[in-house]
Amino acid sequence: MGEIQRPGALYQQVAAEIRSGIAAGEYKPGAPLPSEAQLIERYKVSRPTVRKAIAALRAEGLIEVIHGKGSYVRALPAPAVTIERTITRTGKTFHTGHHAWEQVEEPTVYRTTTTATTAPLLGLDEGEALFGVDRLLADPDTGARALHRVLIPFATADQAEQLAEAPDTEPEQIYAILTAAGHTLTWHETVSARMPLPDERSTLDTPDATPILHTARVTYGTDDRPLLLEELRASADRAQLAYRITADSPRKLRAVPAN
């Protein structure tokens, strides 16, 4: 191939050529890219230009650089674990899709306040008092990790002495406590994808240029009043989410009673 003649920064032109080669199957998933010297010869460019092109493709998540070995086309395997997000109920006992996951460390319990993001979900003003509980979970079969957070408004904790004394009660038990307090529970969940913050990337062991899945589940009580907010974050290359869809409530996920 001769010297690149298209407009634009030279490294972007090289990156575009390699990107096209990946899309066309010239460079297959898991296979090494040509060496720096070969790329320099092929595209008639300098070593810094090749390195900037490789860095750009790495930032896009198309390639990975293995120290001492070179650059490889990134393989995108199926997620290692499926997290069932449907809530089920047997008698007075609730179950969630990650109830069998193991806690990597003891939960972190703290006091916090609602933010511009969490306040609307909980139907509160910004700055309202909350209990926060953070858990780091691991799937025992695959080792996939997830960050789970529960935010409990003080008003909700006041309805059940156990929540005020032990905010780190497991979510399934919180559902049972709120039900015993007279609430008929429903749930609404949203899912988004975003790039991880540095601490999330480190904790979840997320590869370069890989987004995380971020769910926000609000538990509603009687009169559709928000009672608590749960957030789950997992690396998109390790986990996928699954839901049981019913025609009972198009707006909210509801607990499914046992037959």
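Presented here is a report on the structure given in the accompanying data block. Throughout this document, residue positions are counted from 1 along each chain, in the order its sequence is written. Residues qualify for local features only when their pLDDT is at least 70, as the model is predicted, and side-chain atom pairs are given and counted only at 80 or more; totals for whole chains, interfaces and linings, by contrast, use all residues. Neither water nor hydrogens contribute to the side-chain values; these are computed over all heavy atoms in the structure.

What follows covers the packing of aromatic side chains. Any pair of Phe, Tyr and Trp rings, taking the six-membered ring for Trp, is counted once the centres come within 6.5 Å. Such a pair is stacked with planes under 30 degrees apart, edge-to-face with planes over 60 apart, and tilted for the rest. Scanning all chains against the criterion turns up four aromatic pairs. Between Phe94 and Tyr175 the ring centres are 5.7 Å apart and the planes differ by 75 degrees, which places this aromatic pair in the edge-to-face class. One end of the pair, Phe94, is in strand S5 (residues 93-95); the other, Tyr175, is in helix H7 (residues 171-180), with 81 residues separating them in the sequence. The exposure class of Phe94 is buried, given its relative accessible area of 3%. Starting at the N terminus, helices and strands are each numbered in turn, a helix being any DSSP run of H or I of at least four residues and a strand any DSSP run of E of at least two. The rule is simple: take the accessible area with a 1.4 Å probe, protein chains only, and divide by the maximum for that residue type; under 20% is buried, over 50% is exposed, in between is partly exposed.

Right, let's get into the packing of helix H2 (residues 36-43) against helix H3 (residues 47-59). Note on geometry: axes are lines fitted to C-alpha atoms, helical ones only across the stretch in contact, with angles between N-to-C directions running from 0 to 180 degrees. The geometry of H2 relative to H3 is characterised by a closest axis approach of 9 Å and an angle of 105 degrees between their N-to-C directions. As the angle between them shows, H2 and H3 are arranged roughly perpendicular. Only Arg47, Val50, Arg51 and Ile54 of H3 make contact with H2, whose side of the interface consists of Glu36, Leu39 and Ile40. Amino acid classes used here: Ala, Val, Leu, Ile, Met, Phe, Trp, Tyr, Cys and Pro are nonpolar; Asp, Glu, Lys and Arg are charged; the rest, including Gly, are polar. Taken together, the residues of the contact of H2 with H3 break down into four nonpolar, no polar and three charged. Here roughly perpendicular refers to angles of 65 to 115 degrees, roughly parallel to angles under 35, roughly antiparallel to angles over 145, and oblique to all remaining angles. In this analysis, two residues are considered to be in contact whenever any of their non-hydrogen atoms come within 4.5 Å of each other.

Salt-bridge detection follows one rule: a side-chain nitrogen of Lys or Arg within 4 Å of a carboxyl oxygen of Asp or Glu. Following the criterion strictly, the structure yields 10 salt bridges and no others. With its nearest N and O atoms 2.7 Å apart, the salt bridge here joins Glu36 to Arg47. Remark: Arg47 occurs in helix H3 and Glu36 occurs in helix H2; sequence separation between them is 11 residues. For Glu36, a relative accessible area of 28% translates into the label partly exposed. Note that Arg194 and Glu200 form a salt bridge whose closest N and O atoms lie 2.8 Å from each other. Judged by relative accessible area, Arg194 falls into the partly exposed class, the value being 26%. Connected through shared salt-bridge partners, Glu36, Arg47 and Arg51 make up one network.

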